[in-house]
4 protein chains.
Amino acid sequence: MERRKVGILGATGMVGQRFIQLMHNHPWFEIAWLAASDRSAGKTYGEACKWKLDTELPARIAGMTVMPNVPEGTPEGELPKIIFAALDSDIAKELEPKFAAAGCAVISNSSAFRMTTDVPLVVPEVNADHLAMIEKQSWRHESGGYIVTNPNCSAIGLVLALKPLEQKFGIESLFVSTMQAISGAGYPGVPSLDILGNVVPFIKNEEEKLQEEVGKLLGTLAGDHVEMLPAKVSAHCNRVAVEDGHTECVSIKFKQPATYEQILAAWAEFKPLSDLVHLQAWGHGLPTAPDEPVVYIDAIDRPQPRLDRMRGKGMAATVGRLRECPLLDWKFVVLSHNTIRGAAGAAVLNAEVLAMMGKLDPVKKVAR
Amino acid sequence: MERRKVGILGATGMVGQRFIQLMHNHPWFEIAWLAASDRSAGKTYGEACKWKLDTELPARIAGMTVMPNVPEGTPEGELPKIIFAALDSDIAKELEPKFAAAGCAVISNSSAFRMTTDVPLVVPEVNADHLAMIEKQSWRHESGGYIVTNPNCSAIGLVLALKPLEQKFGIESLFVSTMQAISGAGYPGVPSLDILGNVVPFIKNEEEKLQEEVGKLLGTLAGDHVEMLPAKVSAHCNRVAVEDGHTECVSIKFKQPATYEQILAAWAEFKPLSDLVHLQAWGHGLPTAPDEPVVYIDAIDRPQPRLDRMRGKGMAATVGRLRECPLLDWKFVVLSHNTIRGAAGAAVLNAEVLAMMGKLDPVKKVAR
Amino acid sequence: MERRKVGILGATGMVGQRFIQLMHNHPWFEIAWLAASDRSAGKTYGEACKWKLDTELPARIAGMTVMPNVPEGTPEGELPKIIFAALDSDIAKELEPKFAAAGCAVISNSSAFRMTTDVPLVVPEVNADHLAMIEKQSWRHESGGYIVTNPNCSAIGLVLALKPLEQKFGIESLFVSTMQAISGAGYPGVPSLDILGNVVPFIKNEEEKLQEEVGKLLGTLAGDHVEMLPAKVSAHCNRVAVEDGHTECVSIKFKQPATYEQILAAWAEFKPLSDLVHLQAWGHGLPTAPDEPVVYIDAIDRPQPRLDRMRGKGMAATVGRLRECPLLDWKFVVLSHNTIRGAAGAAVLNAEVLAMMGKLDPVKKVAR
Amino acid sequence: MERRKVGILGATGMVGQRFIQLMHNHPWFEIAWLAASDRSAGKTYGEACKWKLDTELPARIAGMTVMPNVPEGTPEGELPKIIFAALDSDIAKELEPKFAAAGCAVISNSSAFRMTTDVPLVVPEVNADHLAMIEKQSWRHESGGYIVTNPNCSAIGLVLALKPLEQKFGIESLFVSTMQAISGAGYPGVPSLDILGNVVPFIKNEEEKLQEEVGKLLGTLAGDHVEMLPAKVSAHCNRVAVEDGHTECVSIKFKQPATYEQILAAWAEFKPLSDLVHLQAWGHGLPTAPDEPVVYIDAIDRPQPRLDRMRGKGMAATVGRLRECPLLDWKFVVLSHNTIRGAAGAAVLNAEVLAMMGKLDPVKKVAR
């Protein structure tokens, strides 16, 4: 199978680097185009980027020229039709629609359009059916392009743990207190003087995002929009001195009674991607999907970011410490890798599902 | 005024060291006796102790001989009648009663007797009236001795923030998710491999202690026991890579409506020690009591342990980020220094209040 | 005695904040003027500054208006004649001469003029006599103003440890390998992604500064210039995950034989400020000078930044681990607080010595 | 090819865990036997071990029963003839000879016998020829067993960088200042209160080991012993808040002149394992040997532990910052992963070379 050419917007940032790391040897996608801000455009990627990952920057990527982050900056025919976007929200708001209008499938990690009515906010294991909304987007009708988003890094691990519980028991309300890694703030991001030996009990807009995105992710597709799950969510977001991996303490109240064993069973049985008809037709698994999206660790003091963030190659959410809550019903801890599962890996998995659904195929297939 | 001689049990540990640091130049108390386990007894304190504080070990203390941690190990008449205890819980359970039986006022930081019916569990600003329970203790009747305890390090900052809210609005239920400093686990305590770049979402028995101690601290003295506050408390306790200072995220539901301004006013007006009749008679303040036990910091990202733990010489609880809670009524963050306000300083303040109440005076005053 | 009014250039940065912390209650100096970049000018200090110290920002200072960082920005007569400067080097190069030309004693922490021939580079305990060079400066003759500098933060602790050894044994050559705290890079300074769980074996220009400044500091005043000490110095500079306190490993070769006891004695006897004739006349000590500028800690694993940086209120250099060197003569470790002894405190101490010498008195005393 | 059965002594410690991680899927070796102290013996490995690595403990290993750490504890015929030893030095001194006497090839990471005359201290890229000394060991003659050691974790990266320089230019003397990771101290190892936000400028016996081991590693095999390289080595060893990866600052003096380009070339051309005749006969590479044992990183601020420790799957030494030294000839920085290249990986590579040399074959091949 020939690999599809893809581009990366915001390629020099922390999430852009993860895109490169995750897709450099991807069986379906080939990185063919890199773009970044004017400061970087025109340089080679190796010159423009402060590579901060612990694997080597691939030599082929290092030698690629960074393009301007607009569709017009690239010669006709050379702009890939699949664009992964790792832009700051305010820039994304301006640029992503330009790429969708140019006929690109924009697989975005930014928050700019997550809550927009006809833009799917998707974690494939949780709500792959919401991807159908791309057909309602005006760009889709005009150029074949569209925008698909993945959630905030703190929401992804959480909804993976919540989805099987919502299916089985119904969620009425929940409290979540996060301890988030510094890589979530990009580079240079959090000054070391703010976080070394310290906790910062505030991340701008994070609690709002977490609270509202959970509602959309667990909501129900209703034609051209999503009916939000009406569960009450209260989030406390904190930054801690951890490189990668967001840890979240959760208390939850269900609509129906749930026993300890039933909850563990719900997590253990949660393998939704194997059930999707579109996917079975494909004949094999998604390259980036973990075997088990939710892994319960039966140890008194887990999950922990340093030990558990790389489960499922960084794509699994690990849960632990399930115990009764004196106020709601149950308490537990959930952890996920914030720049893999929580950002670049989430977008790549969205793209893989779109590929299986035929939504990355050339435009002509799209009928009005 | 002559200073009262005091002793310290468990003097070589982290809390023992704080006792020494806080009382070395105390205007009312003079450190006259130090005891530790058999491994240390007989050595000078300088030899026995790995001093881990950032102030110098005072030379006079370094030269003192460490005594065995039993009353009988000290010649008649040389055992101080005021004993600060910084022992592990299981050892405290055995040793503290011996000192109480020997006529000592045992001011304990351990958890061994906190929930015992006739043992006061006290934070002076919160429930100094509970100290009256010492008169119900059998040791008191027999030898004049008694045991008074202060709460767990994670409970102290919290109840300081809660008390004025309970008084004004009544507390129905609350969540608290903690991010606790490593010094709370003593020395050697937390292995660095467990906490550097990591979070450990578990501290043994901590959630249980926090949940039950809040009920007793905010409870009502009813003759010979305390009627627990019936509020529901759900705690999530975590260890983070912070040297000193416990940060706690709180969501709270009140019995009566409370506005933002009313809550801030409740904290600002909370200066309970100035109201105690016994204390006014004394004519001046308690050496270790902070001017403001609860300080609200009006900044979007505070309190933070590195910046705020030393407010009020480490004895103030700082609060911040008051905002509405989608699930309960209000959310906020509270921080306190875990080995000063949360341990040694708490015990010293208890002793100061006892001194003001005449409860450190010689035994003969005690009538059956 | 009336306190002299002083101003602070670059008042909102990390060193500027230390200036405020150290001089807020200074017995000789009164902070009367604060200046910073255009971004801050016109705001109150409380608005302009992200206060990052663990003591509270004094309310009086918080309410002061930040002035532009040029002499002309302040009404005639209101510009203090004593200016502490905490500017980046390239800005200092432009601005400090303007203040000297305006008749100010500029007590600078920047590197801009440290190696300029007629500018004293001074640590009072090491080379207070070099201060005489201010009389050679053209500003001094024209307006009464002058510039005095203190060394780089990594050089100060080192030269304190070296000076008594140079006096007694003569220094032929030395290695120094530093492990420097993040606060030395200012705020936001070092990104947390670069230093958490990491070491950065490079600090821009630091090795060069350290190598050359040692030569001038230990050099000999020769009329209008300093003859550099001809010792060979080789520096390796590293950034580590420490908030405050630079730790330095030193190997040293002497011109004359030195025994273990002689070296310890040289450090113990090193109390040079008590010997200065000008100072004795004053009748009492310098407020910021530590009793012992060099303290040897006789423990196998000291000095350590967290435990020892605050010795002498952050103004002492602590040394330890003196042992034979298989390559040169002796090895030891030296530590000092980089933003107190190594920056703001160093400048304040320079100013105190200048005050004792009469060099902060009004201009009219200066004859050509 | 059938995999050879191997055992691990001290299997539950940090280096023991790395042995398991590195050999779980090894093409030549099969983990067949695990032993640990009496506290662990009899339990399953999963019960006995606090697994602290960020890959999962393999299920097969978790289910194995931990044996007592003596040869007699295992039924006749079930004790593997290849034993990897990760024991504390004093225990190794007693136990390793027992296994050698029982006919085992003991591949040891401990310091107990490193400096013993007839025990090879080997890094294959540096001095594989020293392995011949096993034939001089009395155990070899009696039972076929022998002991081979690898160096201290801080010496390995250093000698890799030094060997090509010694070959080309001759080393006269060197200064090395280390910043060592906490994992080097095992688990629980360094208390977090000692290292968080701190530096400990002392590691017991480390400077002595580093200084003497370099001499033996770079020495010349002379029949039944090694003539030590007479270079002077001065080491300063420090512990820093890094999880894995030892960073070392080096100044070096050569016997012959060396240019910048010549030094870089020496490192680039250093691929010694491809030259060994024994190895070529084998027809393919050693599974654990890195393609490039010494990698120069041409960036101003590298190597850094977080970014570079995993080069060559954790088996490469990375060097950087080559620059002139004002005192000796050249300065540079070298980094290596302390528990892979510096411990378990080093031992596994030693075993692979021994396998290629036929020294892991059954005893009968050994003639007196």
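Along each chain, the written sequence defines residue order, and numbers are assigned to residues from 1. As they are written, the chains are lettered A onward and the ligands numbered 1 onward, keeping that order. With pLDDT at 70 or above as the cut-off, local features in this predicted model cover only qualifying residues; side-chain atom pairs require 80 or more to be listed or tallied, and sums for whole chains, interfaces and linings still use all residues. The side-chain numbers reported here are obtained from all heavy atoms of the structure, hydrogens and water having been left aside.

Draft legend 1. How the structure looks around the interface of chain A and chain C. Between two residues, a contact is recorded if the distance between any of their heavy atoms is within 4.5 Å. Each side of the interface is counted separately: chain A has 18 residues, and chain C has 18 residues. A 1.4 Å probe defines the accessible area here, and the buried area is the portion of it lost by two parts on being joined, summed over both. Of the roughly 1,500 Å² buried between chain A and chain C, counting both surfaces, carbon and sulfur atoms make up 68%. On the chain A side of the contact with chain C, Ser192(A), Leu193(A) and Leu196(A) bury the most area, a combined 45% of that side's loss. In what follows, salt bridge is the name for a side-chain nitrogen of Lys or Arg lying within 4 Å of a carboxyl oxygen of Asp or Glu. Here chain A is connected to chain C by 2 salt bridges. Throughout this description, a polar contact denotes any pair of N or O atoms lying within 3.5 Å of each other; where both atoms belong to protein, one of them has to be capable of donating a hydrogen while the other can accept it, and for residues adjacent in sequence the pair is counted only when both atoms sit in side chains. Taken together, the links from chain A to chain C amount to 6 residue pairs in polar contact (both at pLDDT 80 or more). Under the scheme used here, helices are H or I runs from DSSP no shorter than 4 residues and strands are E runs no shorter than 2 residues, and both carry numbers assigned from the N terminus. Counting residues per element, the side of chain A that touches chain C draws most heavily on helix H8 (residues 192-195) of chain A, which supplies 4 residues. In the side of chain A that touches chain C, the residues fall into 11 nonpolar, 4 polar and 3 charged. Side-chain classes are defined by residue name, with Ala, Val, Leu, Ile, Met, Phe, Trp, Tyr, Cys and Pro counting as nonpolar, Asp, Glu, Lys and Arg as charged, and the others, Gly among them, as polar.

Draft legend 2. Layout of the sheet that holds strand S6 (residues 146-149) of chain D. Residues and elements named next belong to chain D. As summarised here, the arrangement of the 6 strands in space is S3-S2-S1-S4-S5-S6, forming an open sheet in which the pairing is parallel. Because the sheet does not close on itself, it has two edges, and the strands there are strand S3 (66-68) and S6. Ignoring which end each strand starts from, the neighbouring axes of this sheet average 30 degrees apart. DSSP-based pairing: two strands are paired if at least 2 bridges between them are found. Pairing analysis gives 6 bridges linking strand S1 (residues 4-9) to strand S2 (residues 29-36), with the strands arranged parallel. Its bridge partner being in S2, Leu 9 is matched across the sheet by Ala 35. Between N-to-C directions, angles span 0 to 180 degrees; the directions come from axes that are lines fitted to C-alpha atoms, helices contributing only their stretch in contact.

Draft legend 3. Local environment of helix H1 (residues 14-23) of chain C. Counting buried residues in H1(C) gives 8 out of 10 residues, a clear majority hidden from the surface. Every buried residue of H1(C) is accounted for by Met14(C), Val15(C), Gly16(C), Gln17(C), Arg18(C), Phe19(C), Ile20(C) and Met23(C). Each residue gets one of three labels from its accessible area relative to the maximum for its type: buried under 20%, exposed over 50%, partly exposed in between, using a 1.4 Å probe on protein chains only.

Draft legend 4. Structural detail: the relation of the copies chain A and chain C. Here the copies are matched by least squares. The fit uses the C-alpha atoms of residues with pLDDT of at least 70 in both. The operation relating chain A to chain C is a screw motion whose rotation component is 180 degrees, with 0.0 Å of axial translation and a residual RMSD of 0.0 Å. Such values leave the two copies arranged in the relation of a two-fold axis. Ranked by how close their C-alpha atoms come to the rotation axis, the residues of chain A are headed by Ser192(A), at 1.9 Å. Here 100% of the interface residues in chain A have copies in chain C that are interface residues too; the copies meet face to matching face.

Draft legend 5. Region of interest: the side chain of Asp244(C). All names here are of chain C. Mapped onto the fold, Asp 244 is located in the loop between strand S10 (232-239) and strand S11 (246-254). Since its relative accessible area comes to 12%, Asp 244 is described here as buried. Side chain to side chain, Asp 244 and Ser 183 meet in a polar contact 2.7 Å long. Among all residues touching Asp 244, those that are not within four sequence positions of it are Arg 18, Ala 181, Ser 183, Pro 305, Arg 309, His 337, Asn 338 and Thr 339.

Draft legend 6. Looking closely at the interface of chain A and chain B. Contacts between the two partners involve 47 residues from chain A, matched on the other side by 48 residues from chain B. Together chain A and chain B conceal approximately 3,600 Å² of surface at their shared face, both sides included; 60% is due to carbon and sulfur atoms. Summed over the three residues of chain A that lose the most area to chain B, namely Pro201(A), Arg306(A) and Leu327(A), the buried surface amounts to 17% of that side. Summed over the shared surface of chain A and chain B, the result is 4 salt bridges.

Draft legend 7. Broad picture of the nonpolar core. Working definition of a nonpolar core: buried Ala, Val, Leu, Ile, Met, Phe, Trp, Tyr and Cys residues. They are joined through side-chain atoms within 4.5 Å. Judged by nonpolar contacts, the single largest core of 108 residues is most densely connected at Phe19(A), Phe84(A), Phe19(C), Phe29(C) and Phe84(C). Look past the residues within four positions of Phe84(A) in its chain and what remains in contact with it is Val6(A), Gly7(A), Ile8(A), Leu9(A), Phe19(A), Met23(A), Phe29(A), Ile107(A), Ala347(A), Val348(A) and Ala351(A).

Draft legend 8. Representation of the packing of helix H7 (residues 153-169) of chain D against helix H9 (residues 206-217) of chain D. Residues and elements named next belong to chain D. Interaxial distance between H7 and H9 falls to 9 Å at its minimum, and their mutual angle equals 35 degrees. Both H7 and H9 take part in a crossing whose hand is right-handed. Between H7 and H9, the residues in contact are Cys 153, Ser 154, Ala 155, Leu 158, Val 159 and Leu 162 and Glu 206, Leu 210, Glu 213, Val 214 and Leu 217, respectively. Of the residues assigned to the contact of H7 with H9, the class counts are 8 nonpolar, 1 polar and 2 charged. Should the near helix be turned counterclockwise from the far one by less than a right angle, the crossing is left-handed, whereas a clockwise turn marks it as right-handed.

Draft legend 9. Examining the sheet that holds strand S4 (residues 82-85) of chain B more closely. Residues and elements named next belong to chain B. Strand order in this open sheet of 6 strands is S3-S2-S1-S4-S5-S6, and the pairing throughout is parallel. Each edge of the open sheet carries a strand with a single partner, namely strand S3 (66-68) and strand S6 (146-149). When strand polarity is set aside, the average angle formed by the axes of neighbouring strands in this sheet is 30 degrees.

Draft legend 10. Looking closely at the domain arrangement of chain A. All names here are of chain A. The domain boundaries here were taken from an automatic or database domain assignment. On domain assignment, one finds that chain A holds domain 1 (4-152 + 345-365) and domain 2 (153-337). The C-alpha-based centres of domain 1 and domain 2 are spaced at 24 Å. With 39 residues of domain 1 at the contact, the number on the domain 2 side is 43 residues. The junction of domain 1 with domain 2 conceals about 3,300 Å² of combined surface from both sides, 72% of it contributed by carbon and sulfur atoms. Looking only at domain 1, the three residues that lose the most surface to domain 2 are Glu 125, Asn 152 and Met 356, adding up to 26% of its buried area. Remark: the boundary between domain 1 and domain 2 carries 2 salt bridges. Here Arg 114 and Glu 213 are joined by a salt bridge, their closest N and O atoms 2.8 Å apart.

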